[in-house]
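The lines below spell out each chain.
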Amino acid sequence: MAQRKAREAGFTLVEVLVTFGIIAALAALTFASLGQPQTDASLNGTVETLMADLKSQQLLAMSGDSGSQTTQQPHGIVVSGSDYTLFSGSSYNSGDSDNYTVTPGSNVSFTTTFPSSQVLFDKASGEVNGFTGGSNTITVSVGGSSRTISITQYGTVTAN
């Protein structure tokens, strides 16, 4: 009888493998769900910053800011794949020392439907110069998530 109890003590190989399988599945679910809030926070932060920059450029155009010029200038934003640049003047000039480039992070990307990838706000009125319906969005992507910013003819900025 003592021999029988000695053989029944402990766990079988199948029991150990099932236990490790359950632990591995729980760990995978935990790690997958921990990364999503960080992605969402990065996406939301980038969208909020871009919206604030768009509104700021519109206000500068409306207020008569001349930058380093002697006359009032339109202001705008030009979007590239991984960053965007704030500029003043009637068109984007990559050599202008007054430009300010914003690079939010290595895994952030931008796409836009605006012609020439730029949004230009008219001086005084703040309206979008050369507005075309259907060509008025900027999409921000981080990881597998994305949000779209829409800008109306009058410069109203919204995000979905």
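Rules used in this analysis
- Residues numbered from 1 in each chain as written.
- Predicted model: local features only at pLDDT ≥ 70, side-chain atom pairs only at ≥ 80, totals over all residues.
- Heavy atoms only, no water.
- Phe/Tyr/Trp six-rings, centres within 6.5 Å; stacked < 30°, edge-to-face > 60°.
- Helix = DSSP H or I, 4+ residues; strand = E, 2+ residues; numbered from the N terminus.
- Buried < 20%, exposed > 50% of the residue type's maximum accessible area, 1.4 Å probe, protein only.
- Pairing = 2+ DSSP bridges.
- Axes fitted to C-alpha atoms, helices over the stretch in contact; angles between N-to-C directions.

1. Notes on the packing of aromatic side chains
Applying the stated criterion across every chain, the model contains 2 aromatic pairs. Between Tyr84 and Phe110, the aromatic rings sit 5.5 Å apart at their centres with planes inclined by 90°, giving edge-to-face as the arrangement. Here the residue Tyr84 occupies a position in strand β2 (residues 84-88), and Phe110 occupies one in strand β4 (residues 108-112), the gap between them amounting to 26 residues. Comparing Tyr84 with Phe110, the two get one shared label, buried. Both rings, one in Phe87 and one in Tyr92, keep their centres 5.6 Å apart while their planes meet at 65°; by these two values the pair is edge-to-face. Given the relative accessible area of 2%, Phe87 is considered buried.

2. Let's talk about the sheet that holds β4
Strand order in this open sheet of 4 strands is β4-β6-β7-β8, and the pairing throughout is antiparallel. Two strands in the sheet have a free side with no partner beyond their single neighbour: β4 and β8 (157-159). Strand-to-strand twist in this sheet, taken as the mean axis angle between neighbours without regard to direction, amounts to 20°. Relative to strand β6 (residues 137-142), β4 is paired through 5 bridges, and the arrangement is antiparallel. Bridge pairing in β6 links Phe110 to Val140.

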